[in-house]
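A look at the structure
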Amino acid sequence: MYKKLLASAGIGSAEVDTQLTNERLRPGDILQGKVVIKGGRIEQKVDKINLFVMTEALRERNDRKHYENIVLHRFALNESFLIGVGETKVIDFEFPLPIHTPPTINRTRAWIQTGLDIPQAIDPNDRDYLQVAPHKWMDTCLQALTNELAFELKKVDMEYSDHHGYIQEFEFRPLKEFNADLDELEAVFLLQEDRIEIVLQVDRKAKGLRSLFAEALDMDEHNVRITILESEMEQGTLYVAKRLKDVISQYIEN
């Protein structure tokens, strides 16, 4: 009885360790690994094993900002089973990394959180970090902005969004062609199965007295949404760079 009470409090309970085969991958790639469960001081029933793809985003509450964990995807491995005293079970798994998993650039983090569902017990958990490269379409857009249009990537932040749950904001500084007209360019990339939507915030430099007043009143920023289909993305970096350049130029001229 005493051991059962301890196990229900998480003391001497079953332990879980997730071991990833490929922690370096892109969204859409197959994540593979195994979960190793080691039995505790008593036999326990495990209802299921949960794997969560997680990230974190900055959120403001009561005029204070803090990072909040966000579940991107939940994957349940199996049905219930018994784990004996000191017994070890190994369960293999594989599933595609969600297309909307953010690349781990700058402070952005992503990880796999593992938990066992054990009746009347504290849920043990295990955290394994991922190294996520940008999705191939996002990478094409980033290459178009940095290599073709000479924008320098300054900062990447994850922020909470009421509509999307979170957004990953990319902040760029113009180095050449747009340097005289823009203070900065911010971009958000929203991936879908057959397209990518790019939301740009164009922050123009103040020019003349009227523009100075506009800047002081935060009226100098313009938002625009661009949709590029999969068939268009196949045309490559130069095509995407031209689309982006045309849109940015329009907002500078207006």
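See the structure above.
As a starting point, this report considers the structure included with it. Just so it is clear, the model here is predicted, and its values are computed rather than measured.

**Side note on the nonpolar core**
- Within the largest apolar cluster, 32 residues are counted, with the highest numbers of intra-cluster contacts made by Phe-151, Phe-189, Ile-196, Ile-198, Leu-200 and Leu-244.
- Contributions of two or more residues to this core are made by α2 (136-148), β12 (151-159), β13 (167-174), β14 (182-192), β15 (195-204), β16 (221-229) and α5 (237-253).
- The residues touching Ile-198, leaving out its near neighbours within four places in the chain, are Cys-141, Val-188, Phe-189, Val-224, Arg-225, Ile-226, Ile-228 and Leu-244.
- If you look at the next biggest cluster of nonpolar residues, it comprises 28 residues, including Val-35, Phe-81, Ile-91 and Leu-130.

**Quick look at α2**
- For α2, built from 13 residues, the straight-helix expectation of 18 Å at 1.5 Å per residue is met to within 8% by its first-to-last C-alpha distance of 17 Å.
- If you check which residues of α2 are buried, you get Trp-137, Met-138, Thr-140, Cys-141, Leu-142, Ala-144 and Leu-145.
- Looking at the residues trailing α2, positive phi occurs at Ala-150, about 60 degrees.

**Overview of the packing of aromatic side chains**
- Under the defined criterion, the tally for this structure stands at six aromatic pairs.
- Judged by centre distance (4.8 Å) and plane angle (25 degrees), the rings of Phe-75 and Phe-95 are stacked. Remark: Phe-95 occurs in strand β8 (residues 88-96) and Phe-75 occurs in strand β6 (residues 64-76); sequence separation between them is 20 residues.
- For Phe-75, a relative accessible area of 23% gives the class partly exposed.

The rules behind these values
Counting restarts for each chain: residues are numbered from 1 in the order of the written sequence. Owing to the predicted nature of the model, reporting of local features is limited to residues with pLDDT of at least 70; listing and counting of side-chain atom pairs is limited to 80 or more, with chain, interface and lining totals taken over all residues. Hydrogens are left out, water is left out, and the side-chain values use all remaining heavy atoms of the structure. Residues belong to a common nonpolar core when they are buried Ala, Val, Leu, Ile, Met, Phe, Trp, Tyr or Cys residues joined through side-chain atoms within 4.5 Å. A simple rule labels every residue: compare its accessible area, found with a 1.4 Å probe on the protein chains alone, to the largest value its type can have, and call it buried under 20%, exposed over 50%, or partly exposed in between. Helix numbering and strand numbering both begin at the N terminus, where a helix is a DSSP run of H or I of at least 4 residues and a strand a DSSP run of E of at least 2. By definition, residues are in contact when any of their heavy atoms lie within 4.5 Å. Given the number of residues in a helix, its expected span is that number minus one, multiplied by 1.5 Å. A pair of aromatic rings is counted whenever rings of Phe, Tyr or Trp (Trp by its six-membered ring) have centres within 6.5 Å, and the orientation is called stacked for planes under 30 degrees apart, edge-to-face for over 60 and tilted otherwise.

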